[in-house]
Amino acid sequence: NDESIYHIDSNIDYTINANYGYHPKRNKIFEEKFYKNQNLFKKITYTVNNYGHRISPDLDNVNDCLLFHGGSIVFGQSVNDNETLPYRISEKLNDNFLVFNFAFNGYGPHQFLAKIENNYLEELNKCNNLLVIYFYIQDHIGRVAGKRSWGDKSPRYIYDQNKLINKGFFSDYPFKLIMKIRKNIRNSFSISKIINIDSVDLNDEKLFIKLIDDIEQKINPKFNQVNFLYIIWQHEKNLNNATYQKLKQKKNLEINFLNIPEKFKRNGIPGDNHPTKEFYEILSKEVVKYINNF
């Protein structure tokens, strides 16, 4: 029976962009220190570049690029700069690709679409050919629908008359009232047992799928050639939904996580269920194989 006491000291600081919402402050080095029974057992460094993205190796005279987007798994929560999935992949590609990490904690594809629509792609000015890699987890569907407890300062899209419309942030009136009601339900032990306000429906999936399609359509004209790869986290339950079927029609890499040791899938820090650096090392090898045969 482990009665250890854990706590985290973090100086990660955020700011809000008027178009795509919250992001870590630019051009900063942040630290998180993890303590067990007041003893430091892990320290993580997060380096954020001048564009508000986590760093990857910088190369000269390269114009073929990989752009990663997604949430905390791609960003690399709880691992160091050189242990993230994009960074490990960059090192294995023999300096043939510039690699960019547009992911961040709590993100879904809606932040990336907002960046495309508002021309926040200056970091990619060296890129001629682009491979966009998106790491999909089912929770992203709830995020784009505003059904999560975080991300109120995120772009809110609605799907109306077969097109996407940007309605500002989830924190904007009148949707902020819905967010407040959901918060009150989450905070009520009895009501939250009756009403599951975090569940998603087919309309949420349609919104998500439209976001994915719009990303492909709107980023394509900005580069000479653009391809897309969807990494599907295969271990998740109830995977056979409409979104999964849609992604299966695209170029995808389904990762069988049964071959990854269980001890690498969770880092063992209470309240932080992100994978370990070993997980990213194993996964990077699989992705690089795919990229080399793309």
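Just so we're clear, the structure is a prediction, and the values are computed from it rather than from any experiment. Numbers given for residues are sequential positions, taken from 1 along each chain in its written order. Local features in a predicted model are, by the rule used here, given only for residues with pLDDT of at least 70; side-chain atom pairs are given and counted only at 80 or more, and totals for whole chains, interfaces and linings are based on all residues. As a convention, hydrogens and water are excluded, and side-chain values are obtained from all of the structure's heavy atoms.

**Quick word on empty space enclosed by the protein**
Alright, step 1. Cavity: a set of points on a 1 Å grid over the protein atoms alone where a 1.4 Å probe fits but cannot get out. Pocket: an open set with protein on both sides within 12 Å along at least five of seven lines, its lining residues, like those of a cavity, having an atom within 4 Å of a point. Grid points are joined across faces, edges and corners, and a volume is the space filled by probe spheres set on the points. All told, the structure shown has 2 cavities of 30 Å³ or more when counted by the stated rule.
Alright, step 2. Roughly 60 Å³ of volume is contained in the largest cavity.
Alright, step 3. Together, Gly106, His110, Arg143, Gly146, Lys147, Arg148, Trp150, Gly151, Ser154, Phe170 and Met179 line the largest cavity.
Alright, step 4. Residue polarity is assigned by list, with Asp, Glu, Lys and Arg as charged and Ala, Val, Leu, Ile, Met, Phe, Trp, Tyr, Cys and Pro as nonpolar; anything else, Gly included, falls into the polar class. Along the lines of polarity and charge, the residues of the lining of the largest cavity split into 3 nonpolar, 5 polar and 3 charged.
Alright, step 5. Contributing to the lining of the second largest cavity are His69, Val132, Tyr134, Ile212, Ile215, Phe228, Leu229 and Tyr230.
Alright, step 6. A run of DSSP states H or I qualifies as a helix once it reaches four residues; a run of E qualifies as a strand once it reaches two. Both are numbered from the N-terminal end. When residues of the lining of the second largest cavity are traced back to their parent elements, those giving at least two are strand 8 (129-136), helix 7 (202-219) and strand 11 (225-233).
Alright, step 7. Considering each element in turn, the lining of the second largest cavity owes the most residues, 3 residues, to strand 11.
Alright, step 8. Class assignment of the residues belonging to the lining of the second largest cavity gives a composition of 7 nonpolar, 1 polar and no charged.

**Observations regarding the packing of aromatic side chains**
Alright, step 1. When two rings of Phe, Tyr or Trp (its six-membered ring) have centres within 6.5 Å they constitute a pair, described as stacked for plane angles under 30 degrees, edge-to-face for angles over 60, and tilted for the intermediate range. Tallying each qualifying case throughout the model produces 15 aromatic pairs.
Alright, step 2. Taking 6.0 Å as the distance between ring centres and 80° as the angle between the ring planes, the aromatic pair formed by Tyr6 and Phe41 counts as edge-to-face. Separated by 35 residues along the polypeptide, Tyr6 in strand 1 (residues 6-10) and Phe41 in strand 5 (residues 39-48) bring together distant segments of the chain.
Alright, step 3. With a centroid separation of 5.1 Å and 80° between ring planes, the pair formed by Tyr20 and Tyr120 is classed as edge-to-face. On the criterion of sequence distance, the pair formed by Tyr20 in the loop between strand 2 (14-17) and strand 3 (21-24) and Tyr120 in the loop between helix 3 (109-117) and strand 8 is long-range, its members being 100 residues apart.
Alright, step 4. Relative accessible area serves as the criterion here: at 2%, Tyr20 is assigned to the buried category.
Alright, step 5. Here a set of aromatic residues connected by ring pairs shows up, and it is made of Tyr14, Tyr22, Tyr46, Phe75, Phe104 and Tyr107. Exposed residues in this analysis have more than 50% of their type's maximum accessible area, buried residues have under 20%, and partly exposed residues fall in between, with area computed by a 1.4 Å probe over protein chains only.

**Regarding the sheet that holds strand 12 (residues 252-255)**
Strand pairs in the sheet, formed through backbone hydrogen bonds, run parallel or antiparallel to each other.
Alright, step 1. Criterion used throughout: strands pair if DSSP finds at least two bridges between them. Spatial ordering of the open sheet is given by 7-6-8-11-12, a layout of 5 strands whose pairing is parallel. Because the sheet does not close on itself, it has two edges, and the strands there are strand 7 (98-101) and strand 12. Neighbour to neighbour, the strand axes of the sheet diverge by 20° on average, direction disregarded.
Alright, step 2. Relative to strand 12, strand 11 runs parallel, the two sharing 4 bridges. If you follow Ile231 over to strand 12, its bridge partner there is Leu253.
Alright, step 3. The contact definition used throughout considers only heavy atoms, calling two residues in contact when any of these lie within 4.5 Å. Angles here are taken between N-to-C directions and fall from 0 to 180 degrees, while the axes themselves are lines fitted to C-alpha atoms, restricted in helices to the stretch in contact. Those strands touched by helix 2 (residues 85-92) are strand 6 (64-69), strand 7 and strand 8, and its axis lies near 160° from that of strand 6.
Alright, step 4. Along the sheet, helix 10 (residues 277-292) makes contact with strand 6, strand 8, strand 11 and strand 12, crossing strand 12 at roughly 145°.

**With respect to the pairing of strand 6**
Alright, step 1. Judged by how many residues are buried, strand 6 sits mostly within the fold: 5 of 6 residues are covered.
Alright, step 2. The pairing of strand 6 with strand 8 spans 6 bridges and is classified as parallel. Bridging from a neighbouring strand, Asp64 pairs with Asn129 of strand 8.
Alright, step 3. The pairing of strand 6 with strand 7 spans 4 bridges and is classified as parallel. Of the residues in strand 7, the one forming a bridge with Leu67 is Phe100.

**Description of unusual backbone geometry**
Alright, step 1. The linkage connecting Tyr173 with the following residue, Pro174, adopts the cis geometry, with an omega of 5°.
Alright, step 2. Note that Pro174 resides in the loop between strand 10 (163-169) and helix 5 (175-186).
Alright, step 3. Despite not being glycine, Asn61 shows a phi value in the positive range, around 60°.
Alright, step 4. Considering the arrangement of structural elements, one finds Asn61 in the loop between strand 5 and strand 6.

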